[in-house]
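Here is what each chain is made of, one letter per residue.
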Amino acid sequence: MTDAQIGLLVATPVIIGFALMLYRMGVLQGAGTVSAVSASVVIAAVLFFGQ
């Protein structure tokens, strides 16, 4: 596993955690949270397997 893949494995849960925290604080709506989480997972998967 390369350093970039390890970075993706660390950064993606952090992004998801921030999105969920913003949702709980009332900053993001449900659709925005779902789109942010799904986009980060898709981007991480593409970059992870593209390495």
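Everything quoted here is computed from the prediction, not taken from an experiment.

What counts, and at which threshold
- Residues numbered from 1 in each chain as written.
- Predicted model: local features only at pLDDT ≥ 70, side-chain atom pairs only at ≥ 80, totals over all residues.
- Heavy atoms only, no water.
- Helix = DSSP H or I, 4+ residues; strand = E, 2+ residues; numbered from the N terminus.
- Buried < 20%, exposed > 50% of the residue type's maximum accessible area, 1.4 Å probe, protein only.
- Polar contact = N/O pair within 3.5 Å; in protein donor to acceptor, adjacent residues only side chain to side chain.

(A) Up close: the side chain of T33. In this fold, T33 is placed in helix α2 (residues 30–50). For T33, a relative accessible area of 6% gives the class buried. A distance of 2.9 Å separates a polar atom in the side chain of T33 from the backbone oxygen of Q29.

(B) Structural context of the environment of G17. Counting through the fold element by element, G17 comes out in helix α1 (residues 3–25). Through-space distance from the C-alpha of G17 to that of V37 is 8.9 Å; in sequence the pair is 20 residues apart.

Read these as geometric descriptors, not functional statements.
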